[in-house]
Amino acid sequence: KLQGEVAICRQAFGSDAQESTRRSKLQGEVASVLQAMGIEFEEEYVDGHSGYSLDLLLKDFACKKGACAVAIEVDGPSHYAVGTQQRLGRTVMKRRHVQQMGYDLRTLPYWEWDVLETEEEKEVYLRQLLHTTSTPTVSH
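What you see is a predicted model, and the numbers here were worked out from it, not measured in a lab.

## Some details on the pairing of strand 4 (residues 103–109)
Phase 1 of the analysis: With 7 of 7 residues buried, strand 4 lies mostly within the body of the structure.
Phase 2 of the analysis: Residues of strand 4 alternate between two faces, with Tyr103, Leu105, Thr107 and Pro109 on one and Asp104, Arg106 and Leu108 on the opposite face, all of them buried.
Phase 3 of the analysis: Read as a crossover between parallel neighbours, the route from strand 3 (residues 69–75) over helix 3 (residues 89–100) to strand 4 is right-handed.

Below, the structure written as structure tokens:
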């Protein structure tokens, strides 16, 4: 009986994950810049163990702090409480789980990307994001 309930839960989690794997315009912009930079990645990578979808999983990128892979989560307004920069609980929980699974997770908040005007500024931002351990600060 327990195996049947576990299967039902996995199926529900999987279908929920599939519904939330829609590519946002913001994620598309970030992917385009990464591609122009020559960085290989997989969009909407689904971790087979957890079922979590990762926006961008970088391929052949140097791992840091013992992490198995570098991933970028592109966080649009739906990841934050309305009118704030306070992450929602579900976003915080996913970040913790993904990091505990061994991913070197980088978060790209929409308000930092939105102020970048040129492709050059976006490339600089992404280089900083990928080569530091904390989210870069925008100087605008």
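## Concerning the pairing of strand 2 (residues 53–58)
Phase 1 of the analysis: Across the 6 residues that make up strand 2, a large majority, 6, are buried.
Phase 2 of the analysis: Bridge analysis of strand 1 (residues 41–46) against strand 2 gives 5 bridges, and the strand direction is antiparallel. Each bridged residue has a counterpart across the sheet, and for Val46 the counterpart in strand 2 is Ser53.
Phase 3 of the analysis: Bridge analysis of strand 2 against strand 3 gives 2 bridges, and the strand direction is antiparallel. Each bridged residue has a counterpart across the sheet, and for Leu56 the counterpart in strand 3 is Ile72.

## Description of the side chain of Asp47
Phase 1 of the analysis: Of note, Asp47 is situated in the loop between strand 1 and strand 2.
Phase 2 of the analysis: The exposure class of Asp47 is buried, given its relative accessible area of 10%.
Phase 3 of the analysis: For Asp47, the side chain forms a polar contact with the main-chain nitrogen of Ser50, separated by 2.7 Å.
Phase 4 of the analysis: Apart from residues lying up to four places away in sequence, Asp47 is in contact with Tyr52, Met101 and Tyr103.

## Quick look at the packing of aromatic side chains
Phase 1 of the analysis: This model, assessed by the stated rule, comprises 4 aromatic pairs.
Phase 2 of the analysis: Both rings, one in Tyr80 and one in Trp111, keep their centres 4.9 Å apart while their planes meet at 70°; by these two values the pair is edge-to-face. In this pair, Tyr80 sits in the loop between strand 3 and helix 3 while Trp111 sits in helix 4 (residues 110–114), placing the two residues 31 residues apart along the sequence.
Phase 3 of the analysis: Taken together, the aromatic side chains of Tyr80, Tyr110 and Trp111 make up a single cluster linked through ring pairs.

Here is what the cut-offs are and how they apply
- Residues numbered from 1 in each chain as written.
- Predicted model: local features only at pLDDT ≥ 70, side-chain atom pairs only at ≥ 80, totals over all residues.
- Heavy atoms only, no water.
- Buried < 20%, exposed > 50% of the residue type's maximum accessible area, 1.4 Å probe, protein only.
- Helix = DSSP H or I, 4+ residues; strand = E, 2+ residues; numbered from the N terminus.
- Right-handed = clockwise from strand over helix to strand, strands pointing away.
- Pairing = 2+ DSSP bridges.
- Polar contact = N/O pair within 3.5 Å; in protein donor to acceptor, adjacent residues only side chain to side chain.
- Contact = heavy atoms within 4.5 Å.
- Phe/Tyr/Trp six-rings, centres within 6.5 Å; stacked < 30°, edge-to-face > 60°.

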